[in-house]
Amino acid sequence: IQTRFIRSSTLNVPESLRGEDRILHIVKSLGGSRYINASGGVGLYDPTHFKAHNISLKFLSSYTGAYSPIFERLLLESPAQIRVEIDANCIYQEL
């Protein structure tokens, strides 16, 4: 698994875009067709808005793995190690 991190500030996203419009712009600018967010974002995004832009919107179930601070793990472990645990402990939910 190859993973690269890209700062949204390098993507020339118009400052006027906020919320889901900003996310849609970022996904499209990267050639994506799917946006996966943590479970806490369920109330933030309108699935019909994403569908209108041909972007699949999915959410991870609440994380139940051995470690709760996932952001700390991103700094200390490889993306492949983290993906194995997320795949084993989370269910993708499509709205």
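Bear in mind that the values here come from a model prediction, so they are computed numbers and not experimental data. (Residues numbered from 1 in each chain as written. Predicted model: local features only at pLDDT ≥ 70, side-chain atom pairs only at ≥ 80, totals over all residues. Heavy atoms only, no water.)

Some details on the nonpolar core
- Core analysis: the largest hydrophobic core is formed by nine residues, namely I23, L24, V27, Y35, Y45, F50, I55, L57 and F59.
- Elements with a minimum of two residues in this core: helix 1 (19-29) and strand 2 (56-60).
- A per-element tally of this core places helix 1 first, with three residues.
- With residues near it in sequence (within four places) discarded, F50 still touches E20, I23, L24, Y35, Y45, I55 and L57. (Core = buried A, V, L, I, M, F, W, Y, C linked by side-chain atoms within 4.5 Å. Buried < 20%, exposed > 50% of the residue type's maximum accessible area, 1.4 Å probe, protein only. Helix = DSSP H or I, 4+ residues; strand = E, 2+ residues; numbered from the N terminus. Contact = heavy atoms within 4.5 Å.)

Points about the side chain of N37
- Along the chain, N37 falls in strand 1 (residues 34-37).
- In this structure N37 comes out as buried when scored by relative accessible area, which is 15%.
- Polar contacts involving the side chain of N37 include one to the side chain of Y35, which spans 2.9 Å.
- N37 has contacts with Y45, K58, F59 and L60, leaving out every residue within four places of it along the chain. (Polar contact = N/O pair within 3.5 Å; in protein donor to acceptor, adjacent residues only side chain to side chain.)

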